[in-house]
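Chain residues, written in single-letter form:
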Amino acid sequence: MIKKELVLVCGISGAGKTVTMDYFDKSGFYCIDNLPINALPNTVKALQDEDAFERFAIALNSNVSENEINEILTIVKSFEWINLRILFLEVSDEELLKRFQLTRKTHPFQKKNENLSEAIREERRLLRNLRQHATVVLDTTDFTPKKLVSMLSKSFEYEVLPEFRVAFVSFGYKHGLPQSLDYAFDVRFIDNPYYILELRELTGNNKAVYDYVMEQTKTKDFLKMLVPMLEYIIAQQKESGRSYISIGIGCTGGQHRSVSICNYLSDYFVEKYSVVKDHYYVKQ
């Protein structure tokens, strides 16, 4: 029997559960956030019939007694169709105080007349037994979000799916600009294959049209300037935390020149990034 993967994510509030769940989400897991632990057995049962996913990550919200935690986890561990791991995120009190003061968030255990230190102590008391069941414990006291993701990758060895994509979009100005573009470049100055009778009914996806466009001195000079600029722009957008950037290449009708240039750029940048190519006005 092939078992499904189940990771239960628990730990101190402010220790990095949001970053952790984002890691599992980008690793192809079906993720459930902030689930009350007493709802865990029925939730796990329901996941058995979920055919679209083989990996699940559940972030637990626990404020039940130690005996109830033992009973609930005993039930979950009895399911033979899952491979269960429990991740507990730890962090020092001093670092927690800094994080909550910096973000100005209210600790979930902080009542109206209870200070932050008392709330942290109360949560540690309630989570003490749950921590003892953990198969992986990570202390995030000295971790940046990037370091936490690195440690998660070492502990769980799941490949994070590409989080940054570059889309190259060909379009025709006579139809208008696609609304989703971040950048648009006009290549109507390049000699138009439309006026070559044997090329008119073809597109930039055909070698004859592609070669006609790419062999022009205008095209070569343009790409000498465009490619370095795009290398810089794309790198900066990725560094800033963007997950997606769309770059449009436009000619008159969106059939010949824009398609050819779009194909060239897609082939060039696919070595460095996850690339999506979209020809708006070319029939597939």
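As a convention, each chain's residues are numbered from 1 in the sequence order in which they are written. Confidence filtering applies because this is a predicted model: local features only for residues at pLDDT of at least 70, side-chain atom pairs given and counted only at 80 or more, and all residues used for totals across whole chains, interfaces and linings. To obtain the side-chain values, all non-hydrogen atoms of the structure were used and water was disregarded.

(A) Broad picture of the pairing of strand β5 (residues 136-139). Only protein chains enter the accessibility calculation, which uses a 1.4 Å probe; a residue is then buried when its area is under 20% of its type maximum, exposed when over 50%, and partly exposed in between. For helices the rule is a DSSP run of H or I covering at least 4 residues; for strands it is a run of E covering at least 2, with both sets numbered from the N terminus onward. Of the two faces of β5, the one holding Val-136 and Leu-138 is buried and the one holding Val-137 and Asp-139 is not buried anywhere. For two strands to count as paired, DSSP must find a minimum of two bridges between them. Pairing analysis gives 4 bridges linking strand β4 (residues 82-90) to β5, with the strands arranged parallel. Bridging from a neighbouring strand, Leu-89 pairs with Leu-138 of β5.

(B) Fine view of the sheet that holds strand β1 (residues 4-11). Pairing in this open sheet of 5 strands is parallel, and the strands run β2-β3-β1-β4-β5 from one edge to the other. The open sheet terminates on both sides in strands that have one partner only, identified here as β2 (30-36) and β5. Strand-to-strand twist in this sheet, taken as the mean axis angle between neighbours without regard to direction, amounts to 20°. Direction of pairing for β1 relative to β4: parallel, over a ladder of 8 bridges. Bridged to Lys-4 within β4 is Ile-82. By definition, residues are in contact when any of their heavy atoms lie within 4.5 Å. A fitted line through C-alpha atoms represents every axis, and for helices the fit uses only the stretch in contact; the resulting angles, taken between N-to-C directions, go from 0 to 180 degrees. Packing against the sheet, helix α2 (residues 40-47) makes contact with β1, β2, β3 (55-61) and β4, and its axis sits at approximately 165° to β3. Packing against the sheet, helix α5 (residues 116-132) makes contact with β1, β4 and β5, and its axis sits at approximately 145° to β4.

(C) How the structure looks around the sheet that holds strand β7 (residues 183-186). Taken in spatial order, the 4 strands make up an open sheet running β7-β8-β6-β9, and their pairing is parallel. The open sheet is flanked by β7 and β9 (274-279), the only strands paired with a single partner. Geometrically, the sheet is characterised by an average inter-axis angle of 20° between neighbouring strands, direction not taken into account. Pairing of β7 with strand β8 (residues 244-251), which is carried by 4 bridges, proceeds in the parallel orientation. Following the sheet pairing, Phe-185 is matched in β8 by Ile-249. Relative to the sheet, helix α8 (residues 217-239) contacts β6 (165-172), β7 and β8, its axis offset from that of β7 by approximately 180°. Lying over the sheet, helix α9 (residues 257-269) contacts β6, β8 and β9, oriented at roughly 170° with respect to β6.

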